[in-house]
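# Descriptive analysis of the structure
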Amino acid sequence: MKSKNIISILLIVVTFTIYFSSCEKIAFEKEIENTPLENYNYLWNEVNEKYAFLEYKNINWDSIYEVYYPHISSDMTNDSLFRVLGNMLNELRDGHVNLFSSFNLSRYDITLLGPVNINTRIIKENYLGTDYYTTGSFVHNFIKNGDIGYIRYSSFANSLITDYELDYLLERYKNTQGLILDIRQNGGGYVDNVPKLISLFCNDERLLYETQIKNGPDTDNFTLLESVNSNKTDKNIYDKKIIVLTDRGSYSASSFFSVCTYAFDDVILVGDTTGGGLGLPNGGQLPNGWTYRFSITRTIAVNGQNYENGVPPDYTIILSDDAATTGVDNVIEFAVNLIKL
Amino acid sequence: MKNKTIFVLILYVGFSLNSIGQIDTVPKETRTKLIDISAGLATGNLRDMGTSPLFYTGLLPVVDITYSDFYNNNLIQFNIISYNGIYIKLTDDDSYTSTANSVNTEIAYYRHYQDYDDTGFKHYPGASINNYTSIRVNSAFNNAAFTFDNISSLNLNYFITKEFTLKAKQKKFLWLIKYYREEKQYLASFKIGVPIYSLIYRPGFTNPGNSTLNNSFLLPDYKITGKVFSGMNTNLSLSKILPNGNMIKLTYHWEYFTSGRYSLNRLDMSKHALLFSLVFKMN
């Protein structure tokens, strides 16, 4: 009887001991120390194991460690640490790579890799006119005596494209000879808008591109290729020629859209190579709380190519230096000629 | 680790069989059905290495419903507990918040082991299966903002109760005011559960989160992994038994879980909850 009582009471005593000793702390690993070196090592290692394009971009990440390591010291300020970490990340040459803190945001400006291939003042004055329509995020009008529809789509991020908006565009431009879809300097946004915009000229199921996710620490550790297809629908589509205008500022979702056009014979890319950004970025946090993001997927076009550094156009046309004085956008003019061929 | 698991299982099964062997000693059939509705507040720590090496501190209102069916020496329990709140991390120069919504369901079976009844304690060894589902959103993590976890576990449980009475007594409040304290009945109970094997469904190596490209990528590259002894959970409660058989109960719930140091995107979490309950006798 006495021993049974002791056992029962012992159980309760053990329980209280567990409660008050916070036993979970024994099971949990300690937090990484918040020092400049630990933050540096953590970020370097995250990129080393998870970034999708070290091999593709031929980046020797081990040597990058050695380059920036001497700049780390235990007594450095947060501002200095931020600059070192930001510069290290910029070695990835990727617009999808950022470091975020409460006082700064590091970035790699992909648009500086090429000229701005658009002059919006010329577009307004000599192409869209003053009576242009705004439907959702699309700004559009007839050009060239109503023979051609011009649609300016400056961001995938403003809102999700609706069926109503697309139906409206289809109805308005159904009698034109072709459409010009201008995504120059469109920095991307919602990837969900890509298949939606594709549905403007595609109602059958076809392969648009394939994608893989980094799934291990080695540079070649990726999941199997997964197909991304357009959806089969019974909706009306625009079945005449479409010219898509791009430049280096066409990034991320714009590059995804540009890659998709490779799956269509009647959709032609004109302008400059896009900025790329075909890897989807994830996010994470450093021991000091700053957050970061970098690409952890890669995209393979229908022709089997990886265009992470930019989707090349079918016709490379750069805005002429005297566009501002002549008022002529030679990229649009080239597109018009392609439609009228 | 495997040998340790087998040893614990053999001990436990032997203990449980011993209790089953006592069926003949039950004098008569008894049945009590209880429904326990609880609400309270939990705090705790969470670290998801898929997105952050930092422990976030949770503030989570809790709702818990438990149905218990005592039949002779058997106890069957069905429990659903929901935590809906936030996890916060304060750093030197910023703060980060994650929403957290989770539901845990558990079905448990216990067997009354009568050998210790003469001590006043009632012992119930048992086992349970439970499923924990959680959705967290931390917008600071961009495309990895959304995290879904699903953990199913097979648990070995031990439940112990003791009923005691505070006798009626003439007492004085602050040594001055006389009053009569009526007889009061209480039930103290303690439950401990150990998940001996868990199946953990979590984001894979790079935690692709909500990087959706189309519908087939809803939970891209999520993985199922197994874990032996992934934590512990306990309930310590004190109930005041009312004359009609209903009870008012105060419970302290503590649990911790770890997916282990070798898991992908290690997940560590603990919860400490204080719950106030109304327990209704259903028959």
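What you see as residue numbers is a count from 1 along each chain, following the sequence as written. The lettering of chains begins at A and the numbering of ligands begins at 1, in the order of writing. At least 70 in pLDDT is required for a residue's local features to be given in this predicted model, at least 80 for side-chain atom pairs to be given and counted, and no such filter applies to totals for whole chains, interfaces and linings, which use all residues. Think of the side-chain values as coming from all heavy atoms in the structure, minus any hydrogens and water.

## Here's the deal with the interface of chain B and chain A
Any two residues having at least one pair of non-hydrogen atoms within 4.5 Å are treated as being in contact. The partner chain A presents 57 residues to the 58 residues of chain B that form the contact. We define buried area as the total accessible area lost by two parts upon association, computed with a 1.4 Å probe and summed across both. Buried area between chain B and chain A, summed over both chains or domains, comes out near 4,600 Å², and the portion from carbon and sulfur atoms is 60%. One side-chain nitrogen of Lys or Arg within 4 Å of one carboxyl oxygen of Asp or Glu is enough to make a salt bridge. At the boundary of chain B with chain A, the tally comes to one salt bridge. Between K89 of chain B and E31 of chain A there is a salt bridge; the shortest N-O distance is 3.5 Å. Pairs of N or O atoms within 3.5 Å make up the polar contacts considered here, provided that, within protein, one atom can donate a hydrogen while the other can accept it, and that residues adjacent in sequence are counted only when both atoms are side-chain atoms. Here chain B and chain A share eleven residue pairs in polar contact (both at pLDDT 80 or more) between them. Elements represented by at least two residues in the side of chain B that touches chain A include exactly β1 (31-48), β5 (121-137), β6 (146-166), β11 (231-241), β12 (247-258) and β13 (267-281) of chain B. Helix and strand assignments follow DSSP, with helices taken as H or I runs no shorter than four residues and strands as E runs no shorter than two, numbered in order from the N terminus. The leading source of residues in the side of chain B that touches chain A is β12 of chain B, at five residues.

## Points about helix α6 (residues 120-128) of chain A
It helps to recall that an α-helix has 3.6 residues per turn; residues three or four apart then point in one direction. Residues and elements named next belong to chain A. Along α6, the residues that are buried comprise I122, I123, Y127 and L128. In an axial view of α6, the angular spread of the buried residues amounts to 140 degrees, which keeps them on one side of the axis. Exposed residues lying more than 90 degrees from the buried face of α6 are R121 and K124. If you follow the buried residues of α6, they end up packed against β4 (138-143), β5 (148-153), β6 (178-182), α10 (323-326) and α11 (330-340). Taking the backbone nitrogen of R121 as reference, a side-chain oxygen 3.0 Å away marks N119 as the first, capping residue of α6. The first or second residue beyond α6 is G129, which carries a positive phi of 75 degrees. For each residue, the accessible area found with a 1.4 Å probe, counting protein chains only, is set against the maximum for its type, and the residue is called buried under 20%, exposed over 50%, and partly exposed in between. For this quantity, the arc is that covered by the directions from the helix axis to the C-beta atoms.

## Examining the packing of helix α3 (residues 36-50) of chain A against helix α5 (residues 78-90) of chain A
All names here are of chain A. Whenever a helix is involved, its axis is fitted only over the stretch in contact; in every case the axis is a line through C-alpha atoms, and angles between N-to-C directions fall within 0 to 180 degrees. Viewed as axis vectors pointing N to C, α3 and α5 meet at an angle of 15 degrees, and their least axial separation amounts to 11 Å. Relative to α5, the element α3 is oriented roughly parallel. Here α3 runs over α5; the crossing is right-handed. Residues P36, N39, Y40, L43, W44 and V47 of α3 pack against L81, L85, M88 and L89 of α5. Only Asp, Glu, Lys and Arg are considered charged, only Ala, Val, Leu, Ile, Met, Phe, Trp, Tyr, Cys and Pro nonpolar, and every remaining residue, Gly among them, polar. Of the residues that constitute the contact of α3 with α5, the class distribution is nine nonpolar, one polar and no charged. Angle categories are assigned with fixed cut-offs, so that under 35 degrees is roughly parallel, over 145 is roughly antiparallel, 65 to 115 is roughly perpendicular, and the rest are oblique. By the definition used in this description, the sense in which the near helix is turned from the far one sets the handedness, with an anticlockwise turn below a right angle giving left-handed and a clockwise turn giving right-handed.

## Some remarks on the pairing of strand β4 (residues 95-111) of chain B
Residue and element names in this part refer to chain B. By the bridge criterion, 17 bridges tie strand β3 (residues 74-90) to β4 in an arrangement that is antiparallel. Within the sheet, the bridge partner assigned to G85 lies in β4 and is A100. Between β3 and the antiparallel strand that follows it, β4, lie four residues. Two strands pair when backbone bridges link them, and β4 and β5 are joined in this way by twelve bridges, in the antiparallel orientation. Looking at the pairing, A100 lines up with R136 of β5. Here, any two strands with at least 2 DSSP bridges between them count as paired.

## Points about the sheet that holds strand β11 (residues 281-285) of chain A
Residue and element names in this part refer to chain A. Strand order in the open sheet made by the four strands is β2-β1-β12-β11, with antiparallel pairing throughout. Unpaired on one side and paired on the other, β2 (105-106) and β11 mark the two borders of the sheet. Of the pairings in the sheet, the one linking strand β1 (residues 98-100) to β2 comprises two bridges and is antiparallel in character. Within β2, the residue paired with L99 across the bridge is S106. Along the sheet face, α3 touches β11 and β12 (291-295) and points at about 20 degrees away from the line of β12. Along the sheet, α5 contacts β1 and β2; its crossing angle with β1, the most-contacted strand, is approximately 160 degrees.

## A word on the domain arrangement of chain A
Residue and element names in this part refer to chain A. Note: domain ranges come from an automatic or database domain assignment. Taken domain by domain, chain A comprises domain 1 (2-108) and domain 2 (113-280 + 296-340). Each of domain 1 and domain 2 has a C-alpha centre, and the two are 39 Å apart. Each side of the interface is counted separately: domain 1 has 14 residues, and domain 2 has 18 residues. Counting each side, the surface lost to burial between domain 1 and domain 2 is near 1,300 Å², with a carbon and sulfur contribution of 54%. Taken as a group, F53, Y56 and H96 account for 42% of the area that domain 1 buries against domain 2, more than any other trio of residues on that side. The interface formed by domain 1 and domain 2 holds zero salt bridges in total. Along the contact surface separating domain 1 from domain 2 lie seven residue pairs in polar contact (both at pLDDT 80 or more). For the side of domain 1 that touches domain 2, a count of residues per class yields six nonpolar, three polar and five charged.

## So, the packing of α3 of chain A against helix α4 (residues 61-68) of chain A
Residues and elements named next belong to chain A. Put simply, α3 and α4 touch, their axes get as near as 11 Å, and they point 165 degrees apart. Taken as axis vectors, α3 and α4 run roughly antiparallel relative to one another. For α3 against α4, the interelement crossing comes out right-handed. Facing α3, whose interface residues are L37, Y40, N41, W44, V47 and N48, α4 presents W61, D62, I64, Y65 and Y68.

## Focus on the side chain of Q285 of chain A
In this structure, Q285 of chain A sits in strand β11. Within the structure, the side chain of Q285 of chain A is placed 3.0 Å from the backbone oxygen of G289 of chain A, a separation counted as a polar contact. For Q285 of chain A, the side chain forms a polar contact with the side chain of Y56 of chain B, separated by 2.6 Å.

## Digging into helix α7 (residues 163-172) of chain A
What α7 of chain A keeps buried is the set E165, L166, L169, L170 and R172 of chain A. On the buried face of α7 of chain A, the contacting elements are β3 (133-135), β4, β5 and α8 (193-198) of chain A.

## Quick look at unusual backbone geometry
Comment: phi is negative for the bulk of residues other than glycine, and the bulk of peptide bonds are trans. For N145 of chain A, which is not glycine, the phi dihedral falls at a positive 60 degrees. Tracing the sequence through the fold places N145 of chain A in the loop between β4 and β5. The phi angle at N72 of chain B is positive, at roughly 50 degrees, despite the residue not being glycine. Secondary-structure assignment places N72 of chain B in the loop between β2 (56-71) and β3. Looking at N72 of chain B, the relative accessible area reads 25%, which means it is partly exposed.

## Notes on the sheet that holds strand β9 (residues 241-246) of chain A
All names here are of chain A. If you walk across this open sheet you meet the seven strands as β3-β4-β5-β6-β9-β10-β14, and the pairing is mixed. Edge strands, defined here as strands with exactly one partner in the open sheet, are β3 and β14 (315-316). Examined bridge by bridge, β9 and strand β10 (residues 267-271) share five bridges and lie parallel to one another. For V244, the partnering residue across the bridge sits in β10 and is L269. Here α6 sits on the sheet in contact with β4, β5 and β6, set at roughly 40 degrees to β4.

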